[in-house]
Each structure stands twice: as structure tokens, then as C-alpha cells.
Amino acid sequence: GTDMDNGLHELHAEIIACRACPRLVAWREEVARTKRRAYQDWEYWGKPVPGFGDPEARLLLIGLAPGAHGANRTGRAFTGDGSGAFLYAALHRAGFANQAASQHRQDGLRLTDCFITMPLRCAPPQNRPTAQELDTCRPFMAREIDLLPRVEVVLCLGQIALAQYLRRLREAGHETPRATFGHGAQLSLGDGLPHLLCSYHPSLQNTNTGRLTPAMMDDVLAQAKALFRSTSA
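In this text, all values refer to a predicted model and were calculated from it rather than measured experimentally.

## Looking at the pattern of salt bridges
Right, so step 1: A complete count under the given rule lists 14 salt bridges for this structure.
Right, so step 2: Here arginine 58 makes a salt bridge to aspartate 113, at a shortest N to O gap of 2.7 Å. Note that arginine 58 is positioned in the loop between strand 1 (52-53) and strand 2 (59-62) and aspartate 113 in the loop between helix 4 (82-93) and strand 3 (114-117), a separation of 55 residues in sequence. Of the two residues examined, arginine 58 and aspartate 113, each falls in the buried class.
Right, so step 3: Between aspartate 218 and arginine 93 there is a salt bridge whose closest N-O contact spans 2.9 Å. Taken together, the residues aspartate 218 in helix 8 (residues 214-227) and arginine 93 in helix 4 connect sequence positions 125 residues apart.
Right, so step 4: By relative accessible area, which is 45% here, arginine 93 ends up partly exposed.

Encoded structure:
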């Protein structure tokens, strides 16, 4: 509905304007200024990155943070770097994305029945956010999730995503189980909450070493689809 879309639109404008964490503001802007040689002709986004996808999504993916030369350059989650190339190709194979490539914000990529959020909106130095930065930023993720009324399955990409989502649930007053992270691990949260699934994060560190293969990603997305309530109309 348009109300919900307007809510997301307003939240995303607020996210993009955020300057709450001095270390992250300084780093994202320095990266945007110095650039990587391959992207010298790019005007880097250099701001916080909002979530991306279908407001009616049944599948919610939780990442970690923008890549310095990926989303921090392009302004769209998982867009313009190796982890995004891997993830969007998998989402396309699974029918959640209309195309396999994610080059820039105006490349026509659309998600159906899937939305991507993350606990941290700015690229952190060394890909390592501090606990305080995550605490400061997590409310954006909580508010984004609250504007997605149809989510049935939450897929956490990596251990930090899982920890941050469980923390968000506890902050909302839910009891959460002791969760052991593993690829394909599945948790039942009860309480009318979505099914919870885990996947290794599609970082180059994981995909280049074969710790996370395309087949493994396909399997976990198939697992997610199998958990959808078949009566969702």
C-alpha cells in the first residue's frame, strides 16, 4: 500500500541524512573522495545506504554493512562489488530478482517478494563496525523491518546479522533462543515471529575460498521458500 511505501520513503530519507557516527562519516567520505582507481570516474554515493527491495516481501535478508567500493559507491545494498554479484545472481536464479547483475542504482534491478536490510548503514573501516556503532544504527533496521508487514522468513547473512536481529527482537520484548550460527541453520522463534534461517555471508572471503558456493546459496534460498506459508495470497 502507498502508506507503507511512504513510510519507507521517509525512513530512507532519514537514513541517508544520518551523521551519527563520526568515525564512519569520516571513513565513508574519505573513501568517496579518494576512490579506487577502477572507479575514478564514478561519483561515489558516500552516504548511509537504505534497505532495498519489495515492501510486500515475505523473505527478508539481513546483511552486515555497505562495501566501501560497493554500496558506498553505488548507494544500493550489495550493488557494485563481488558479494553483490554473487548474491543477486543467486536471488535471480531463485526468482526473487528480475536480473542477475547489480551495477548501479538505475540499472533496472528489481526484487520481488524479497527485501534486503542491514544493521549498519555506513561502510566501516576494515569491514569492522564497533559494538557502539551497531547499537547506534540498529534502530534503523528495526524501523525498516516494522514497515515490512508480510515477512515470513528472515535469512541472516553471517554471524553479526544473526546477533543483531536477535538483539532487535529482545529489544522489542521477545524471548529469543540461544542460537548457534551455521550455514542452513534454522530457528523457530515462536511468538508469531518469522522463521529464522542462517547463511554464510557472501563476502569474497567466503565465496573465493569455496566456503560458500552458489549451490549452497541456492539451497538456503530454497529452504527459505519452503518455509513460506503456502496460503499467502
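From this point, the discussion proceeds with the structure in view.
## A look at the packing of helix 4 against helix 8
Right, so step 1: Their axes nearest at 10 Å, the elements helix 4 and helix 8 cross at an angle of 50°. One finds that helix 4 runs oblique with respect to helix 8. Considering how the two elements wind past one another, helix 4 and helix 8 form a crossing that is right-handed. Residues Phe86, Leu87, Ala90, Leu91 and Arg93 of helix 4 touch helix 8, and the partners they reach there are Pro214, Met217, Asp218 and Leu221.

## Details of helix 4
Right, so step 1: The terminal C-alpha atoms of helix 4, which comprises 12 residues, lie 17 Å apart, in line with the 16 Å expected from a rise of 1.5 Å per residue.
Right, so step 2: Among the residues of helix 4, those classed as buried are Ser83, Gly84, Phe86, Leu87, Tyr88, Ala89, Ala90 and Leu91.
Right, so step 3: Immediately beyond the C-terminal end of helix 4, within one or two residues, lies glycine 95, with a positive phi of roughly 90°.

## With respect to the sheet that holds strand 4 (residues 153-157)
Right, so step 1: A sheet is described by the order of its strands in space; here six strands give the open sequence 1-3-2-4-6-5, paired in mixed fashion. Only two strands of the sheet have a single neighbouring strand rather than two, namely strand 1 and strand 5 (186-187).
Right, so step 2: Across four bridges, strand 2 lies against strand 3 in parallel orientation. Across the sheet, the residue bridging to isoleucine 62 is threonine 117, located in strand 3.
Right, so step 3: Against the sheet, helix 6 (residues 159-171) makes contact with strand 2, strand 4, strand 5 and strand 6 (195-199), and its axis sits at roughly 135° relative to strand 4, the strand it touches most.
Right, so step 4: Of the strands in this sheet, strand 2, strand 4, strand 5 and strand 6 touch helix 8, which is tilted by about 180° from strand 6.

## Looking at the packing of aromatic side chains
For any two aromatic rings, the description comes down to two numbers: the centre-to-centre distance and the angle of the planes.
Right, so step 1: On inspection of all chains with the given rule, the structure shows four aromatic pairs.
Right, so step 2: Between phenylalanine 96 and phenylalanine 228, the aromatic rings sit 6.4 Å apart at their centres with planes inclined by 90°, giving edge-to-face as the arrangement. Taken together, the residues phenylalanine 96 in the loop between helix 4 and strand 3 and phenylalanine 228 in the segment after helix 8 connect sequence positions 132 residues apart. Each of the two residues, phenylalanine 96 as well as phenylalanine 228, counts as buried.
Right, so step 3: It is arginine 58 that lies over the ring of phenylalanine 228; its NZ or CZ is 4.1 Å from the centre.
Right, so step 4: Above the ring of tyrosine 200, the side-chain terminus of arginine 211 is found at 3.9 Å from the ring centroid.

Cut-offs applied
Residues numbered from 1 in each chain as written. Predicted model: local features only at pLDDT ≥ 70, side-chain atom pairs only at ≥ 80, totals over all residues. Heavy atoms only, no water. Salt bridge = Lys/Arg side-chain N within 4 Å of Asp/Glu carboxyl O. Helix = DSSP H or I, 4+ residues; strand = E, 2+ residues; numbered from the N terminus. Buried < 20%, exposed > 50% of the residue type's maximum accessible area, 1.4 Å probe, protein only. Axes fitted to C-alpha atoms, helices over the stretch in contact; angles between N-to-C directions. Parallel < 35°, antiparallel > 145°, perpendicular 65-115°, else oblique. Left-handed = near helix turned anticlockwise from the far one by under 90°. Contact = heavy atoms within 4.5 Å. Expected span 1.5 Å × (residues − 1). Pairing = 2+ DSSP bridges. Phe/Tyr/Trp six-rings, centres within 6.5 Å; stacked < 30°, edge-to-face > 60°. Lys NZ or Arg CZ within 6 Å of the ring centre and 35° of its normal.

In short, geometric facts, not functional conclusions.
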